[in-house]
Amino acid sequence: MAAPGTPPLAPDARGVRNVVFVEGVRTPFGKAGDKGIYAGTRADDLVVNTIRELLRRHPGLPPERVDEVAIAATTQIGDQGLTIGRTAALLSGLPKSVPGFALDRMCAGAMTAVTTTASGIGFGAYDIAIAGGVEHMGRHPMGEGVDPNPRIVADQLVDPSALVMGQTAENLHDRFPEITKERTDAYAARSQERFAEAVKTGRIGPDLVPVATRGTNGQGWGLATEDEPPRPGTTVEQLASLKTPFRPHGRITAGNAAGLNDGATASILADEDTARELGLPVAMRLVGYSFAGVEPEVMGIGPVPATEKLFRRTGLSIDDIGLFEINEAFAVQVLAFLDHFGIADDDPRVNQWGGAIACGHPLASSGVRLMTQLARQFAERPDVRYGLTTMCIGIGMGGSVLWENPAYEGAKA
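- The name given to the chain in an unreviewed UniProt entry is acetyl-CoA C-acyltransferase, with the source organism recorded as Amycolatopsis jiangsuensis.
- Its UniProt record gives the chain the following Sequence similarities (unreviewed entry) comment, quoted word for word: "Belongs to the thiolase-like superfamily. Thiolase family."

Quick word on the state of the cysteines
In step 1: What the rule picks out here adds up to 0 disulfides.
In step 2: Cysteine 107 provides the cysteine sulfur closest to cysteine 359, a residue in no disulfide bond, and the two sulfurs are 13 Å apart.
In step 3: Judged by relative accessible area, which is 0%, cysteine 359 ranks as buried.
In step 4: Free cysteine cysteine 392: the closest other cysteine sulfur is in cysteine 107, separated by 6.1 Å.
In step 5: Taking relative accessible area as the criterion, cysteine 392 reaches 0% and is therefore assigned buried.

Some remarks on the side chain of aspartate 347
In step 1: With respect to the secondary-structure elements, aspartate 347 resides in the loop between α10 (331-340) and α11 (356-359).
In step 2: In this structure aspartate 347 comes out as buried when scored by relative accessible area, which is 11%.
In step 3: There is a polar contact of 2.8 Å between the side chain of aspartate 347 and the backbone nitrogen of arginine 349.

Focus on the packing of helix α3 (residues 109-123) against helix α12 (residues 366-380)
In step 1: Packing of α3 against α12 brings their axes to within 5 Å, and their N-to-C directions diverge by 70 degrees. Judged by the inter-axis angle, α3 sits roughly perpendicular to α12. Packed against α3, whose contacting residues are Ala110, Met111 and Val114, the element α12 presents Gly367, Val368 and Met371 at the interface.
In step 2: Looking at the contact of α3 with α12 residue by residue, the classes come out as 5 nonpolar, 1 polar and no charged.

Topic: the nonpolar core
In step 1: Judged by nonpolar contacts, the single largest core of 39 residues is most densely connected at Phe324, Phe330, Phe337 and Leu338.
In step 2: Those elements that provide at least two residues to this core are α5 (165-175), α6 (181-200), α9 (303-314), β10 (321-326), α10 and β11 (386-393).
In step 3: Element by element, the count of residues in this core is highest for α10, at 7 residues.
In step 4: Beyond its immediate chain neighbours, meaning those up to four positions away, phenylalanine 337 contacts Pro303, Val304, Thr307, Phe324, Ile326, Leu388 and Thr390.
In step 5: In this structure, Met106, Leu286, Val368 and Met391 belong to the second largest nonpolar core, which totals 36 residues.

Quick word on the UniProt feature "active site" (unreviewed entry) in the chain
In step 1: As annotated by UniProt and renumbered to match this structure, "active site" (unreviewed entry) occupies Cys107, His361 and Cys392. A maximum C-alpha distance of 12.0 Å is found for the annotated residues, which run over 286 residues; spatially they form one tight group.
In step 2: Beyond its immediate sequence surroundings of up to four residues, cysteine 107 is in contact with Thr74, His361, Leu363, Ala364, Met391, Cys392 and Ile393.
In step 3: Relative to the elements of secondary structure, histidine 361 occurs in the loop between α11 and α12.
In step 4: Accessibility expressed as a relative area gives 4% for histidine 361, which makes it buried.
In step 5: With sequence-adjacent residues up to four places away left out, histidine 361 is seen in contact with Cys107, Met137, Ala258, Gly259, Asn261, Asn327, Ala329, Ala356, Ser366 and Met391.

Observations concerning unusual backbone geometry
In step 1: Positive phi values are uncommon outside glycine, yet threonine 83 reaches one of about 50 degrees.
In step 2: Locating threonine 83 in the fold gives a position in the loop between β3 (68-72) and α2 (84-91).
In step 3: In this model, glutamine 156 sits at a positive phi of 55 degrees, which is unusual for a non-glycine residue.
In step 4: In this fold, glutamine 156 is placed in the loop between α4 (151-154) and α5.
In step 5: Its relative accessible area of 69% is what places glutamine 156 among the exposed residues.

A closer look at a nonpolar patch on the surface
In step 1: On the surface, Val153, Leu163, Val164, Phe246 and Ile395 cluster together into a nonpolar patch covering about 370 Å² of accessible area.
In step 2: One can find leucine 163 in the loop between α4 and α5.

Details of the packing of aromatic side chains
In step 1: Going through the model one piece at a time under the given rule, you end up with 5 aromatic pairs.
In step 2: An angle of 75 degrees between the planes, with centres 5.7 Å apart, marks the rings of phenylalanine 21 and tryptophan 403 as edge-to-face. Separated by 382 residues along the polypeptide, phenylalanine 21 in strand β1 (residues 19-26) and tryptophan 403 in strand β12 (residues 397-404) bring together distant segments of the chain. Neither residue differs from the other here; phenylalanine 21 and tryptophan 403 are each classed as buried.
In step 3: Ring plane angle 80 degrees and centroid distance 6.3 Å describe the contact between phenylalanine 311 and phenylalanine 341, whose orientation is recorded as edge-to-face.

Thresholds, definitions, all that
- Residues numbered from 1 in each chain as written.
- Predicted model: local features only at pLDDT ≥ 70, side-chain atom pairs only at ≥ 80, totals over all residues.
- Heavy atoms only, no water.
- UniProt positions renumbered as here; feature names shortened; annotations may be inferred.
- Disulfide = S-S within 2.5 Å.
- Buried < 20%, exposed > 50% of the residue type's maximum accessible area, 1.4 Å probe, protein only.
- Helix = DSSP H or I, 4+ residues; strand = E, 2+ residues; numbered from the N terminus.
- Polar contact = N/O pair within 3.5 Å; in protein donor to acceptor, adjacent residues only side chain to side chain.
- Axes fitted to C-alpha atoms, helices over the stretch in contact; angles between N-to-C directions.
- Parallel < 35°, antiparallel > 145°, perpendicular 65-115°, else oblique.
- Contact = heavy atoms within 4.5 Å.
- Nonpolar A, V, L, I, M, F, W, Y, C, P; charged D, E, K, R; others polar.
- Core = buried A, V, L, I, M, F, W, Y, C linked by side-chain atoms within 4.5 Å.
- Patch = residues over 30% accessible without salt bridge, like charges linked within 9 Å, V, L, I, M, F, W, Y side chains within 5 Å.
- Areas by Shrake-Rupley, 256 points an atom, 1.4 Å probe, with all protein chains shown as cover.
- Salt bridge = Lys/Arg side-chain N within 4 Å of Asp/Glu carboxyl O.
- Phe/Tyr/Trp six-rings, centres within 6.5 Å; stacked < 30°, edge-to-face > 60°.

In structure tokens, the structure reads:
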């Protein structure tokens, strides 16, 4: 024990360490409900599949070198409860010495799992971590079992519409009337088109982990190998005819918003020196991250202040970003971000392989999907140095994570 008055030990003399994204994978995303591909499949089994796949793809990583497993779920109940980071680690075959935990930041759960464990790596508490998320919205609809304090509404802390995500998107339309339904439908159709093209050219397949599925009503076993939600060939004319369930004569439809989905993601994060020691690939280097709060009734604007805060902290600007992965909870939310930063609706830097409107948004899992797609785009684009992953978050927040491309050709000049 140190003598009284002895100053505390300093952190690692090397200072903050470089944190790298090694690889991310995901299950195919399914439609929530009795007819979805995962209707008879457990949520924890979905995330276990992703962790096992990461270990299979990286045999040079000794399982005992994993220092933490962080798995997010928005509805932490049933088969996605019980500290799922720990139980998933055990079910995945990791040594019992590997700890784990669960966390919740609604849609940004997996994003927060990444930033939290990355902070531990940067500080020196971990060398390697697995971070991801899972959501089985068919088994556990958002809000199942919750009991919001009545004072939230009674004391007028938030508008009652803040508790219904579709209504918050309608509120965002009210705030920005220049974002018309026609614009959101056009954006949604383009997302479907871009995703379909990415599937056709083999850009989505490498991310996916096949999942053995158990059918309901005696339908036996199956194998999920591709996303269930996409609607290739969707046209603006088709989208224009859809109902607006959140408001009569509203603007939010099932076509210009992400659906209710099931799925899981996982990723390996590491200290850069450790990754190179073990021969692990370095797909991205973490530059910084920020989360910000906004009025809950317009939660979709959250990525704007989160990104502005991130730029202030890193000294970069929107002009430095060569690729964007923006979660498409609603098209209006993406367009509000683009308008704020003066980016065109169809800018090829933005969600160039489509987004959640096409492939789905299983809430807490989606942050790692964004990162995984950005990492694969970096590999194709050595001309791009920086990329941004960002998303809106329920109850009025936004999160943004900034990444550097280790293959950037300018660094070699």
